[in-house]
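Single-letter residue listing:
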Amino acid sequence: MKEFNLLCREFEEMDGATYTALLAEKSARVLPALAAVAADGMEGASAFAIFILGAIAADGKLSEEEYLLVSPLLNAFFGDAVDYDACKKAVKSMRAETEGLKEIADVMVDVLGLLSEDLKDDIVLVCLMICAIDGKVSRKEKQWIKQLVRE
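The model shown is predicted, which means the values in this text are computed figures rather than measured ones. (Residues numbered from 1 in each chain as written. Predicted model: local features only at pLDDT ≥ 70, side-chain atom pairs only at ≥ 80, totals over all residues. Heavy atoms only, no water.)

A.B. asks: How do you make sense of the overall build of the chain when you look at a structure like this?
C.D. replies: Across its full length, the chain holds eight helices and two strands. Its helices and strands in sequence order give the chain the pattern α-α-β-β-α-α-α-α-α-α, from N to C terminus. Out of the 151 residues belonging to the chain, those deemed buried represent 45%. A separation of at least 24 residues holds for 74% of the contacts in the chain among residues at least 6 apart in sequence. (Helix = DSSP H or I, 4+ residues; strand = E, 2+ residues; numbered from the N terminus. Buried < 20%, exposed > 50% of the residue type's maximum accessible area, 1.4 Å probe, protein only. Contact = heavy atoms within 4.5 Å.)

A.B. asks: Where do I start with helix α2 (residues 16–35) in this structure?
C.D. replies: An α-helix turns once per 3.6 residues; consequently, residues spaced three or four apart project the same way. Taking 1.5 Å of rise per residue, 20 residues should cover 28 Å, and α2 covers 28 Å from first to last C-alpha, within 8% of that figure. Residues of α2 that are buried include every one of Y19, L23, K26, V30, A33 and L34, and no others. (Expected span 1.5 Å × (residues − 1).)

A.B. asks: Hey, could you run me through the nonpolar core in this one?
C.D. replies: It is characteristic of soluble globular proteins that their nonpolar side chains tend to be buried jointly. Grouped together as the largest cluster of nonpolar side chains are 54 residues, with contacts concentrated most on L34, F48, M108, I123, L128 and I145. Listed by contribution, the elements that provide at least two residues to this core are α1 (4–13), α2, α3 (44–57), α4 (64–78), α5 (84–96), α6 (98–112), α7 (117–132) and α8 (139–146). Each residue touching L34, except ones within four places of it in the same chain, is listed here: E43, G44, A45, F48, M108, V111, L115 and I123. (Core = buried A, V, L, I, M, F, W, Y, C linked by side-chain atoms within 4.5 Å.)

A.B. asks: I tried to follow α7 on my own but got confused; where do I start?
C.D. replies: The end-to-end C-alpha distance of α7, which contains 16 residues, comes to 22 Å, matching closely the 22 Å that a straight helix rising 1.5 Å per residue would cover. With 12 of 16 residues buried, α7 lies mostly within the body of the structure.

A.B. asks: When you look at the packing of α1 against α8 in this model, what are you seeing that I'm missing?
C.D. replies: Two numbers describe a pair of packed helices, the interaxial angle and the distance between the axes. At a closest axis distance of 12 Å, the pairing of α1 and α8 adopts a crossing angle of 125°. It follows from the interaxial angle that α1 and α8 lie oblique. The two elements α1 and α8 cross, and the hand of that crossing is right-handed. Between α1 and α8, the contacting residues are F4, N5 and C8 on the first element and K142, I145 and K146 on the second. (Axes fitted to C-alpha atoms, helices over the stretch in contact; angles between N-to-C directions. Parallel < 35°, antiparallel > 145°, perpendicular 65-115°, else oblique. Left-handed = near helix turned anticlockwise from the far one by under 90°.)

A.B. asks: What should I look at first to understand the packing of aromatic side chains in this one?
C.D. replies: Aromatic ring pairs: the centre-centre distance and the angle between the two ring planes describe each pair. Tallying each qualifying case throughout the model produces two aromatic pairs. Centre to centre, the rings of F51 and W144 are 4.9 Å apart; their planes meet at 25°, and the pair counts as stacked. With F51 in helix α3 and W144 in helix α8, this pair connects stretches of sequence that are 93 residues apart. According to the relative accessible area criterion, F51 is buried, its value standing at 0%. (Phe/Tyr/Trp six-rings, centres within 6.5 Å; stacked < 30°, edge-to-face > 60°.)

A.B. asks: I tried to follow the packing of α2 against α7 on my own but got confused; where do I start?
C.D. replies: With their axes 9 Å apart at the nearest point, α2 and α7 run at an angle of 130° to one another. In terms of orientation, α2 and α7 fall into the oblique class. In terms of crossing hand, the pair formed by α2 and α7 is left-handed. Across the interface between the two elements, Y19, L22, L23, K26, S27, R29, V30, A33 and L34 from α2 touch D118, L119, D122, I123, L125, V126, M129 and I130 from α7. Here the contact of α2 with α7 is built from residues that sort into 12 nonpolar, one polar and four charged. (Nonpolar A, V, L, I, M, F, W, Y, C, P; charged D, E, K, R; others polar.)

A.B. asks: Could you clarify how one ought to interpret the side chain of K26 in this entry?
C.D. replies: Within the element layout of this structure, K26 appears in helix α2. Overall, the relative accessible area of 14% leaves K26 in the buried class.

A.B. asks: Looking at this model, I keep getting lost on the pattern of salt bridges. Mind explaining?
C.D. replies: Close approach of charged atoms allows side chains with opposite charge to pair. Enumeration according to the criterion identifies three salt bridges in this entry. Two residues, R29 and D122, come together in a salt bridge whose shortest N-O distance is 2.4 Å. One end of the pair, R29, is in helix α2; the other, D122, is in helix α7, and 93 residues separate them in sequence. Take R29: its relative accessible area is 38%, and that puts it in the partly exposed class. Each of the salt bridges in this network shares a partner with another, and the network as a whole consists of K26, R29 and D122. (Salt bridge = Lys/Arg side-chain N within 4 Å of Asp/Glu carboxyl O.)

Note that all results are geometric; they support no functional claim without further evidence.
Quick look at the structure:
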């Protein structure tokens, strides 16, 4: 995988059409693979959805663009329509729960251990892309996502 900060910059500057096509391609590959695995009693896809919320919560802000990208994923995994205000509240409350977020990060790292290197890379890319939709991957979002790329 390319150097992490370079990847962040690429996604922050990517044009909309390329961004949309790449995110659709990576998501179509990642989501079925995650649905097929489980670690520590949690389905991989659910862990991924919560991990993405944790990435968004890392900087304490949920942009409307981030929400629009994440809402179909959240609705698919949690079954209910999650509106923007409810999602903002969830992000805010997640920010306060550092121990719970650490557990989710640990589960996600375990899930990644069950997948190929290519799928791991794609999962990191999807996380980065969701955080970059508002034009900036914050330092805190980067730190959160980097947990997935530890050797």
